[in-house]
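So the chains spell out like this:
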Amino acid sequence: LAPTHGIILFQEQAMRIAVRLAGFTEQESDKLRKGIGKKLPEVIAEIRLMFIEGCKKVGIVTEEKAKSIFDVIEKASRYSFNLSHSVEYSKISYITAYLKIHQPLLFFTAWLRMADEKQDKYEEIYKLVMEARRFGVNVLPPDIRKSDLTFKKEVKKNIRYGLVDIKEVGESHAKNIISIPKNRLNNWVNFLVYDLYKLNIKASKALIESGALDFFGLSRKKMLYELDKIKELTE
């Protein structure tokens, strides 16, 4: 543990301790790594007994010391990685930190596109938008004339919000919107009659409420009212 200042930082260190102090084979030490890593109580109990008994046979440490060492190994499993993962995480951390400082527009565009991977996509987007502002990058609201499916970079340190990133707007809805001829986006009534009302009602309302249709120059309340009315007439 000298290179890590007495702390079990890597899984390989716990495995090496088991081999040196308890006489584990390489296969047995790997079983220790897997069992503790997956937090399986019955496996941990079995390995703990093996470790203590092994330490007795090898005789480098006392039984009491063996128990305390195993406790440390078990606690270390909450944060330890294997060495190769740790190296790769360090490289990724260094590269992304560099990009965040020197290429913030590209960094935040890419990171916003990855929000789908998070447990709460919209919470992640909110945090990233707030963080982007600290670095002088503005995230512009969605606009069906300018938005792509997902976030895209624009000029002057701007990022345009993507249509599929609007809650309730699925990919199929977004593709339909993007494919609409531009001449139908010059008139609210034409757009409402020929395009908007055909979408799922939740998606239609989400586009209005998100500001994606603000360029028509009408209040969102008015657009929602007229959408409801045309839905009534066509059902």
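In what follows, the structure referred to is the one given above.
Thresholds applied
Residues numbered from 1 in each chain as written. Predicted model: local features only at pLDDT ≥ 70, side-chain atom pairs only at ≥ 80, totals over all residues. Heavy atoms only, no water. Core = buried A, V, L, I, M, F, W, Y, C linked by side-chain atoms within 4.5 Å. Buried < 20%, exposed > 50% of the residue type's maximum accessible area, 1.4 Å probe, protein only. Helix = DSSP H or I, 4+ residues; strand = E, 2+ residues; numbered from the N terminus. Contact = heavy atoms within 4.5 Å. Pairing = 2+ DSSP bridges. Axes fitted to C-alpha atoms, helices over the stretch in contact; angles between N-to-C directions. Salt bridge = Lys/Arg side-chain N within 4 Å of Asp/Glu carboxyl O.

Student: Hey, could you go over the nonpolar core for me, with residue numbers and the actual values?
Tutor: Judged by nonpolar contacts, the single largest core of 39 residues is most densely connected at I144, W188, F191, L196, L207 and L213. Taken together, the elements giving at least two residues each to this core come down to α6 (104-113), α7 (121-134), α8 (171-178), α9 (188-194), α10 (201-210) and α11 (220-234). In this view, F191 contacts I144, I177, I180, R184, L185, L196, L213 and F216; residues no more than four positions away in its chain are not counted.

Student: Let's hear about the sheet that holds strand β3 (residues 158-160): which residues, and what values?
Tutor: Here 3 strands make up an open sheet; going across it, the order is β1-β3-β2 and the pairing mixed. A strand with exactly one partner marks an edge of an open sheet, and here the two such strands are β1 (138-140) and β2 (152-154). Taken over all neighbouring pairs, the strand axes of this sheet differ in orientation by 35° on average, direction set aside. Relative to β3, β1 is paired through 3 bridges, and the arrangement is parallel. Residue pairing for β3: N138 is matched across the bridge by N158. Contacts from α6 reach β1, β2 and β3, with the element oriented near 155° to β2.

Student: Outline the pattern of salt bridges, listing residues and values.
Tutor: Within this structure, the stated rule accounts for 22 salt bridges. Between D30 and R33 there is a salt bridge, with its nearest N and O atoms 2.8 Å apart. With D30 and R33 both in helix α2 (residues 26-37) and 3 residues apart, this pair spans about one turn of that helix. Of the residues examined, D30 reaches a relative accessible area of 23% and is grouped as partly exposed. Classification of R33 by relative accessible area gives partly exposed; the value is 26%. Here R160 and E154 are joined by a salt bridge, their closest N and O atoms 3.0 Å apart. With a relative accessible area of 7%, R160 lands in the buried category. What emerges from the salt-bridge pattern is a single network uniting E53, K56, E63 and K67.

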